[in-house]
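# A structural walkthrough
Single-letter residue listing:
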Amino acid sequence: MRLKALALCMLAGFGSSAVAQDSTQSLQQAFKQLPPMVLGAPEAMQVFFMDVQAWRGLEKTGPSPEGLRRLAFAPFIRPLESLGYGLDPWSLNAKVSFDDVSYFAGFGQAPANISYWGLKDKQAVAKLVADLKQGDFAAVDGDVPGLIANGAAGAMDMKKGNPKDPWRGMMGKTSFVLPRDTALIQASSAADMKRLAQPAPSVADNEIVAAAVAGLKEGVPADRGRIVQAVVISPVIGLAAIDPAKVLLASGADINTAKQNLQAAAEANGRGIPPYFGGIIADAQIDNLPAVVVSLSYADCATAKQAVDGIGAAWKESMAAAVEAKISGRTVEAGKLCAAVVNLTSPKAENAGNPILAQVMNRYMRRELTLLQIGTPR
């Protein structure tokens, strides 16, 4: 019996460690749904992500005002626009409990933005589609099997407007919905749905994104932390006055060409960190403390180390007076690339908010985010 008990304990231990070995699991699931074309968009922030289970885990009861304010990327993901009216009304109108959603992701500019609902399995997706059809959704004729909609493309019906409804919103906007594996794709029209239904390769296959994800795995240890939100960034975020087309790694371009273009842009941009190919900013909870983890993709670890040091210096110079944070950094080899990873961790958790993320987003919205500014070394 004692041996059997010991074996069960060991099995339980191995099981726990297997479950907790990767803090980026939900993030990567979302990336596998997204087409690579989103990384060519001339935007500073290209893909937005929220882990529903990680966010709900911050508070045992319903979300507090601080918890809701933490969702800095919610305005960029259409179904989350209705969240401020309460989880119960949201769930009632969505035809699925908010707590049964794994993640949300999105990209693009409104009204043509695309959103993804990640559910636990294909059966959950099928059930939600069936429930939507019981309402005002109907099948859409065309060459995209499974596509449903609750109106005409791009249309708004103010009579059906409901700010608590993630499928309609205050303006009564139409939603086109397409099931794909364990996710639902939500858009305002059928345009590009055929391409979105077959995202091969996906964002997850992009080597720049993959390197940034590898960095996040180190920055957010699975046994001590979770990623609440994340955003994929391009070099545009660090180049205030540069043509985005000159620095984005478009389809077919190689890393060396991108590196040359970025270096030229950096020399014209003043002080900053070495030019990066792209990266991810993550809102995380580590050891029960709110944190922001930055993971940037570089061609080599020597340059990545310069970036780690530069971000630390930029924080102390421009943001330390606004909010307190413990800074740590490292480089992480990732295939042919290397990630520069910097953790900015709050010394205490007063509530469910993240004061560091709030400050980072505040500076970004004011176009004063010198933390990630590309330029010559400081």
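Refer to the structure presented above.
This section reports on the structure supplied with the text. (Residues numbered from 1 in each chain as written. Predicted model: local features only at pLDDT ≥ 70, side-chain atom pairs only at ≥ 80, totals over all residues. Heavy atoms only, no water.)

### Focus: the overall build of the protein chain
Helix and strand counts for the protein chain stand at 11 helices and 12 strands. The contacts of the protein chain with a sequence gap of at least 6 include a subset with a gap of at least 24, amounting to 69%. Surface summary for the protein chain: the accessible area is close to 17600 Å², and the carbon and sulfur share equals 53%. (Helix = DSSP H or I, 4+ residues; strand = E, 2+ residues; numbered from the N terminus. Contact = heavy atoms within 4.5 Å. Areas by Shrake-Rupley, 256 points an atom, 1.4 Å probe, with all protein chains shown as cover.)

### A closer look at the pattern of salt bridges
Opposite charge on two side chains allows them to pair when their charged atoms are near. In this structure the tally under the stated criterion is 14 salt bridges. Among the salt bridges present, the one from Asp283 reaches Arg70, with a minimum N-O distance of 2.7 Å. With Asp283 in strand 9 (residues 278-286) and Arg70 in the loop between helix 4 (65-69) and helix 5 (87-94), this residue pair connects regions lying 213 residues apart in the sequence. With a relative accessible area of 0%, Asp283 lands in the buried category. (Salt bridge = Lys/Arg side-chain N within 4 Å of Asp/Glu carboxyl O. Buried < 20%, exposed > 50% of the residue type's maximum accessible area, 1.4 Å probe, protein only.)

### Section: the state of the cysteines
One covalent bond between the sulfur atoms of two cysteine residues makes up a disulfide. Across all of its chains, the model carries one disulfide by this definition. A sulfur-sulfur separation of 2.0 Å characterises the disulfide bridge that pairs Cys301 with Cys338. Classification of the bridge connecting Cys301 and Cys338 rests on its S-S torsion, roughly 95°, and on that basis the disulfide is right-handed. Of this pair, Cys301 sits in helix 10 (residues 301-318) while Cys338 sits in strand 12 (residues 337-345), and the two are 37 residues apart along the sequence. (Disulfide = S-S within 2.5 Å.)

### As for the sheet that holds strand 7 (residues 183-187)
Read across the open sheet, the 12 strands follow the order 4-5-6-7-3-2-1-8-9-10-12-11; overall the sheet is antiparallel. Pairing within the sheet leaves two strands with one partner each, and these edge strands are strand 4 (138-139) and strand 11 (326-334). With two bridges joining them, strand 4 and strand 5 (residues 148-149) adopt antiparallel strand pairing. Looking at strand 5, one finds that Ala138 is bridged to Ala149. Contacting strand 3 (114-119), strand 5, strand 6 (176-180) and strand 7, helix 6 (residues 122-133) runs over the sheet at an angle of about 40° to strand 7. Along the sheet, helix 8 (residues 207-219) makes contact with strand 8 (225-233), strand 9, strand 10 (289-298), strand 11 and strand 12, crossing strand 10 at roughly 145°. (Pairing = 2+ DSSP bridges. Axes fitted to C-alpha atoms, helices over the stretch in contact; angles between N-to-C directions.)

### Observations regarding the pairing of strand 9
Summarising burial for strand 9: nine of the nine residues are buried, a large majority. Alternating positions in strand 9 separate into two faces, Gly278, Ile280, Ala282, Ala284 and Ile286 on one and Gly279, Ile281, Asp283 and Gln285 on the other, with burial throughout. Strand direction decides the pairing type here: strand 9 and strand 10, joined by nine bridges, are antiparallel. Of the residues in strand 10, the one forming a bridge with Ile280 is Ser295.

### Some words on the nonpolar core
In this structure, Phe98, Phe104, Leu296 and Leu372 are the most contacted members of the largest nonpolar core, which totals 66 residues. The biggest single contributor to this core is helix 10, with six residues. Setting aside anything within four residues of it in sequence, one finds Phe98 in contact with Met50, Val52, Trp55, Arg56, Leu80, Leu83, Leu87, Trp90, Ser91 and Phe104. Counting residues in hydrophobic clusters, the runner-up holds 41 residues, among them Phe107, Ile114, Leu178 and Val332. (Core = buried A, V, L, I, M, F, W, Y, C linked by side-chain atoms within 4.5 Å.)

### Here we look at helix 8
Taking 1.5 Å per residue as the helical rise, helix 8 with its 13 residues ought to reach 18 Å, and the 18 Å between its terminal C-alpha atoms agrees with that figure. When helix 8 is considered as a whole, its buried residues turn out to be Ile208, Val209, Ala211, Ala212, Val213, Gly215, Leu216 and Gly219. N-cap assignment for helix 8: the residue whose side-chain oxygen lies 2.9 Å from the backbone N of Ile208 is Asn206. (Expected span 1.5 Å × (residues − 1). Polar contact = N/O pair within 3.5 Å; in protein donor to acceptor, adjacent residues only side chain to side chain.)

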